[in-house]
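So you can see what is in the structure, the chains are spelled out below.
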Amino acid sequence: MKAAILRSLLKRSSTVAPSSSYLLRRGFSSESEPERKVAILGAAGGIGQPLSLLMKLNPLVSKLALYDIAGTPGVAADVSHINSRSEVTGYMGDDQLKQALEGSDVVIIPAGVPRKPGMARDDLFNINAGIVKSLCTAIGKYCPNALVTMISNPVNSTVPIAAEVLKGLGVYDEKKLLGVTTLDVVRAKTFYAGKAKVNVAGVNVPVVGGHAGITILPLFSQATPKANLSDEDIKALTKRTQDGGTEVVEAKAGKGSATLSMAYAGAIFADACLKGLNGVPDVVECSFVQSTVTELPFFASKVRLGKNGVEEVLGLGPLSDFEQQGLEALKPELKSSIEKGIKFAQQS
């Protein structure tokens, strides 16, 4: 029963073609897939632990490196007992970061402090910005060709920080730095399916912009299957998607943030990156990347993933009047967050 539930959960992905759906198979033969090392930085934290579990279940992973400043040996020992393909190793402290990163194909960064009630994502900046800068410096030195998937908030600033750090080391590749906005897509799908009374497994909703508050812009006009929802419903769904993180923070009453759903979304996105690296065609996800879709240097939209990371940044498509207004409204805040990250990286 448990295995069936896991298979059902992990089969879902954001906008990946059904033919390449995420499958968990017992008795998986490593001969059918290439060797892939995934490193998780911040693996002992609230997002990191469930993310480590989900990545251990992914049959595309052959080596799983779990890193944090403390607590990782226990997490690694626990996860390593699961009877799935990957070999798990735990690393702890600055002196073991090099070992954790060397040879990595994908690096996932959920490191940092979580939000608490009354705290905006931007309040995390002063702590998490420094953590991201340090980790990305190590990535640039020890695995400069890896895909870097950024979960640490505020993503609207941490992705630009990472880009500047990697530029400074002379190893920046815009195709290989991706901000994880998949949780916005997951929420938009869930809320849309509930309101439209359709099976969520068949729902697609692109989400563009950024990954905080009003910068999150779900494009419900492009949602499939189509549903005749009122303007009021669309506005309410948009607001709930934008405030989804706050909804969880308040519900947990000071005891955590959206760690479990974020771990799920992070695992789904990492799986898509691995599929792309392995040459699976038509792997499309939403992600916050370097972009020319708007006048802003970074923007979240649908991207096509492949053997080099981001193979193509896709356009926004037709927008409703409400979405066009939302797009213009989000730009000043997103621009400010991007500039804040760039300034931090250049001055610190």
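In this text the structure is predicted, and so the values were computed from the model without any measurement.

In this section: the overall build of the protein chain. Secondary structure summary: the protein chain contains 11 helices and 11 strands in total. A globule of 348 residues ought to have a C-alpha radius of gyration of about 20 Å, and the protein chain, at 19 Å, matches this closely. With the C-alpha coordinates of the protein chain rotated into their principal frame, the extents come out at 50 × 50 × 40 Å. When the 348 residues of the protein chain are sorted by exposure, 53% land in the buried category. For the protein chain, the proportion of contacts with a sequence separation of at least 24, taken over those separated by at least 6, is 71%.

On to the UniProt feature "active site" (unreviewed entry) in the protein chain. With numbering matched to this structure, UniProt assigns "active site" (unreviewed entry) to His211. For His211, the position within the fold is in the loop between strand S7 (207-209) and strand S8 (216-218).

Moving on to the nonpolar core. Within the largest apolar cluster, 44 residues are counted, with the highest numbers of intra-cluster contacts made by Leu41, Leu101, Val107, Ile109, Ile139, Phe288 and Phe299. A per-element tally of this core places helix H5 (residues 125-142) first, with seven residues. In this structure Leu101 touches Lys37, Ala39, Leu41, Val107, Ala138, Ile139, Tyr142 and Cys143, once residues within four positions along its chain are discounted. The next biggest cluster of nonpolar side chains, apart from the first, holds 40 residues, and it includes Ala43, Leu57, Val61 and Leu277.

The full count for this structure, using the stated rule, is three aromatic pairs. Summarising the aromatic geometry, the rings of Phe125 and Phe344 are spaced 5.5 Å apart at their centres and angled 85 degrees between planes, so their arrangement reads as edge-to-face. One end of the pair, Phe125, is in helix H5; the other, Phe344, is in helix H11 (residues 321-347), with 219 residues separating them in the sequence. Exposure remark for Phe125: the relative accessible area of 4% places this residue in the buried category. Over the ring of Phe191 we find Arg240; its NZ or CZ atom is 3.9 Å from the centre of that ring. Looking at Lys340, its charged tip hangs above the ring of Phe125, at a distance of 4.5 Å from the centre.

Let us now look at the packing of H5 against helix H6 (residues 155-168). Between H5 and H6, the least distance of the axes is 9 Å, while the angle of their chain directions is 35 degrees. Judged by the twist between their axes, the crossing of H5 over H6 is right-handed. Contact residues: H5 offers Phe125, Ala129, Val132, Lys133, Cys136, Thr137 and Gly140, while H6 offers Ser157, Thr158, Ile161, Ala162, Val165 and Leu166. Looking at the contact of H5 with H6 residue by residue, the classes come out as eight nonpolar, four polar and one charged.

Moving on to the pattern of salt bridges. Throughout the structure, instances matching the rule amount to 12 salt bridges. The shortest N-O distance in the salt bridge between Arg36 and Asp105 comes to 3.3 Å. Separated by 69 residues along the polypeptide, Arg36 in the loop between helix H1 (2-10) and strand S1 (37-41) and Asp105 in the loop between helix H4 (97-101) and strand S4 (106-109) bring together distant segments of the chain. With its nearest N and O atoms 3.0 Å apart, the salt bridge here joins Arg240 to Glu247. Residue class for Glu247 comes out partly exposed when judged on its relative accessible area of 37%.

Mapped onto the elements of the fold, Ser301 is located in strand S10 (residues 298-306). For Ser301, a relative accessible area of 0% puts it in the buried group. Of note is the side chain of Ser301, whose polar atom sits 3.2 Å from the backbone oxygen of Leu314. In this view, Ser301 contacts Val208, Glu285, Cys286, Ser287, Val293, Val313, Leu314 and Leu316; residues no more than four positions away in its chain are not counted.

We now examine the side chain of Glu323. Mapped onto the fold, Glu323 is located in helix H11. For the buried residue Glu323, which engages in no salt bridge, the nearest side chain bearing the opposite charge is Lys226, 8.3 Å off. A polar contact is formed between the side chain of Glu323 and the backbone nitrogen of Ser320, at a distance of 3.0 Å. Leaving out residues up to four positions away in the same chain, Glu323 has contacts with Leu217, Pro218, Leu219, Phe220, Ser221 and Pro318.

Procedures and definitions
- Residues numbered from 1 in each chain as written.
- Predicted model: local features only at pLDDT ≥ 70, side-chain atom pairs only at ≥ 80, totals over all residues.
- Heavy atoms only, no water.
- Helix = DSSP H or I, 4+ residues; strand = E, 2+ residues; numbered from the N terminus.
- Rg over C-alpha atoms; globule rule 2.2 N^0.38 Å.
- Buried < 20%, exposed > 50% of the residue type's maximum accessible area, 1.4 Å probe, protein only.
- Contact = heavy atoms within 4.5 Å.
- UniProt positions renumbered as here; feature names shortened; annotations may be inferred.
- Core = buried A, V, L, I, M, F, W, Y, C linked by side-chain atoms within 4.5 Å.
- Phe/Tyr/Trp six-rings, centres within 6.5 Å; stacked < 30°, edge-to-face > 60°.
- Lys NZ or Arg CZ within 6 Å of the ring centre and 35° of its normal.
- Axes fitted to C-alpha atoms, helices over the stretch in contact; angles between N-to-C directions.
- Left-handed = near helix turned anticlockwise from the far one by under 90°.
- Nonpolar A, V, L, I, M, F, W, Y, C, P; charged D, E, K, R; others polar.
- Salt bridge = Lys/Arg side-chain N within 4 Å of Asp/Glu carboxyl O.
- Polar contact = N/O pair within 3.5 Å; in protein donor to acceptor, adjacent residues only side chain to side chain.
- Lys, Arg positive; Asp, Glu negative; His and termini not counted.

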